[in-house]
Amino acid sequence: MNLQQIGIKIKQTRLKRKQTQQQVADICGISKSMLSKIENGQTASAVATLSKISEALDIPLSWVIDDQPETDMVLQPKDTRQALVGHEDMGYSYELLARSRFSKIESTIVYVTPKDTNLREEPYTHSEDEFIYILEGSIYLYYDGKSNLMNQGDTAYFKGTKPHLFIPVDNEGAKVLTVFVDGD
């Protein structure tokens, strides 16, 4: 899905719920101009920001970033999954895996930008707990003020409400299976 389609869904939902950009931006802790850029497809947004917007609008994150029809079983062959979302200046891009609008679990593959091109220093927070499995490469998982080296095969589970960030170890980048779990 492209940035325009993501923006259209967010804007249509916001208008349907009769909320202003300022109201949603305040709930999400972002600027009104950032929300406007997202709605107009002018900027890529971190999955954590899209998650906050989804939560503010009471819609599933999977619906925002994917447009496959809902069924009670989702089978998603690799060649039909959506293209990568995001830009290197975010520090990563991601690919949404099989998802259901009715599930409290969202799974993605996060592609961590190589060290020399990764400019992201600000950690993320979001409401969902997060499970990660390092598929390829290595990262430092910065979590709640501490850096933890993680290599291929390592796993972690943590609260998304604590500041966290995937920091590349080298210029190979990394590939991380990430599962967001909404405990509500």
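In the block above lies the structure referred to throughout.
Note that the structure is predicted; figures quoted are calculated from it, not measured.

Participant: What am I meant to see in the overall build of the chain here?
Facilitator: Per the secondary structure count, the chain includes five helices and seven strands. Starting at the N terminus and walking to the C terminus, you meet the elements of the chain as α-α-α-α-α-β-β-β-β-β-β-β. When each of the 184 residues of the chain is scored for burial, the buried share is 44%. Taking the intrachain contacts of the chain between residues at least 6 apart in sequence as the baseline, contacts between residues at least 24 apart amount to 65%.

Participant: Looking at this model, I keep getting lost on the packing of aromatic side chains. Mind explaining?
Facilitator: To describe a pair of aromatic rings, one takes the distance between the centres and the angle between the planes. Using the criterion set out here, one finds one aromatic pair in the structure. Between Y143 and F158 the ring centres are 5.2 Å apart and the planes differ by 55°, which places this aromatic pair in the tilted class. Of this pair, Y143 sits in strand β3 (residues 129–143) while F158 sits in strand β5 (residues 155–159), and the two are 15 residues apart along the sequence.

Participant: Is there a simple way to think about unusual backbone geometry in this case?
Facilitator: With the exception of glycine, the majority of residues adopt a negative phi angle, and the majority of peptide bonds are in the trans configuration. Non-glycine residue K18 carries a positive phi angle of around 55°. Relative to the helices and strands, K18 resides in the loop between α1 (3–16) and α2 (21–28). Using a relative accessible area of 75% as the deciding quantity, one classes K18 as exposed. A positive phi angle, near 50°, is found at D144, a position not held by glycine. Tracing the backbone through its elements, the reader meets D144 in the loop between β3 and β4 (146–151). Using a relative accessible area of 42% as the deciding quantity, one classes D144 as partly exposed.

Participant: Got a minute to help me understand empty space enclosed by the protein in this structure?
Facilitator: Summary: where empty space remains is shown by rolling a probe the size of a single water molecule over the atoms. Per the counting criterion, the structure on display carries two cavities of 30 Å³ or more. Roughly 170 Å³ of volume is contained in the largest cavity. Lining the largest cavity are 17 residues, with Y92, V110, Y124, E130 and F166 sitting closest to its centre. Ranked by the residues each element gives to the lining of the largest cavity, the list is headed by strand β6 (residues 164–168), at three residues. Its residues placed into classes, the lining of the largest cavity shows ten nonpolar, five polar and two charged.

Participant: Just to check I follow, could you spell out the pattern of salt bridges for this structure?
Facilitator: Should the charged atoms of two oppositely charged side chains come close, the side chains can pair. The final tally for this structure, using the stated rule, is four salt bridges. K175 is paired through a salt bridge with E136; the nearest N and O atoms lie 3.5 Å apart. You can see K175 sitting in strand β7 (residues 174–181) and its partner E136 sitting in strand β3, a full 39 residues away along the chain. Using a relative accessible area of 21% as the deciding quantity, one classes K175 as partly exposed. Overall, the relative accessible area of 43% leaves E136 in the partly exposed class.

Participant: What exactly am I supposed to notice about the pairing of strand β2 (residues 105–112) here?
Facilitator: Regular strands place side chains that alternate from one sheet face to the opposite one. Across the eight residues of β2, six count as buried, placing the element largely inside the fold. The sheet contact formed by strand β1 (residues 92–96) and β2 spans five bridges and is antiparallel. Note that in β2 the partner of Y92 across the bridge is V112. Here β2 pairs with β7 via eight bridges, running antiparallel. By the bridge assignment for β7, Y111 is matched with K175.

Participant: When you look at the nonpolar core in this model, what are you seeing that I'm missing?
Facilitator: In summary, soluble globular proteins display a tendency toward joint burial of nonpolar side chains. Counting 37 residues, the largest nonpolar core has I10, I132, I139 and F166 as the members making the most contacts within it. Broken down by element, this core gets its largest block of residues, six residues, from helix α4 (residues 47–57).

Procedures and definitions
Residues numbered from 1 in each chain as written. Predicted model: local features only at pLDDT ≥ 70, side-chain atom pairs only at ≥ 80, totals over all residues. Heavy atoms only, no water. Helix = DSSP H or I, 4+ residues; strand = E, 2+ residues; numbered from the N terminus. Buried < 20%, exposed > 50% of the residue type's maximum accessible area, 1.4 Å probe, protein only. Contact = heavy atoms within 4.5 Å. Phe/Tyr/Trp six-rings, centres within 6.5 Å; stacked < 30°, edge-to-face > 60°. 1 Å grid on protein atoms, 1.4 Å probe; cavity = no way out; pocket = protein on both sides within 12 Å on 5 of 7 lines; lining within 4 Å. Points joined across faces, edges and corners; volume = space filled by probe spheres on them. Nonpolar A, V, L, I, M, F, W, Y, C, P; charged D, E, K, R; others polar. Salt bridge = Lys/Arg side-chain N within 4 Å of Asp/Glu carboxyl O. Pairing = 2+ DSSP bridges. Core = buried A, V, L, I, M, F, W, Y, C linked by side-chain atoms within 4.5 Å.

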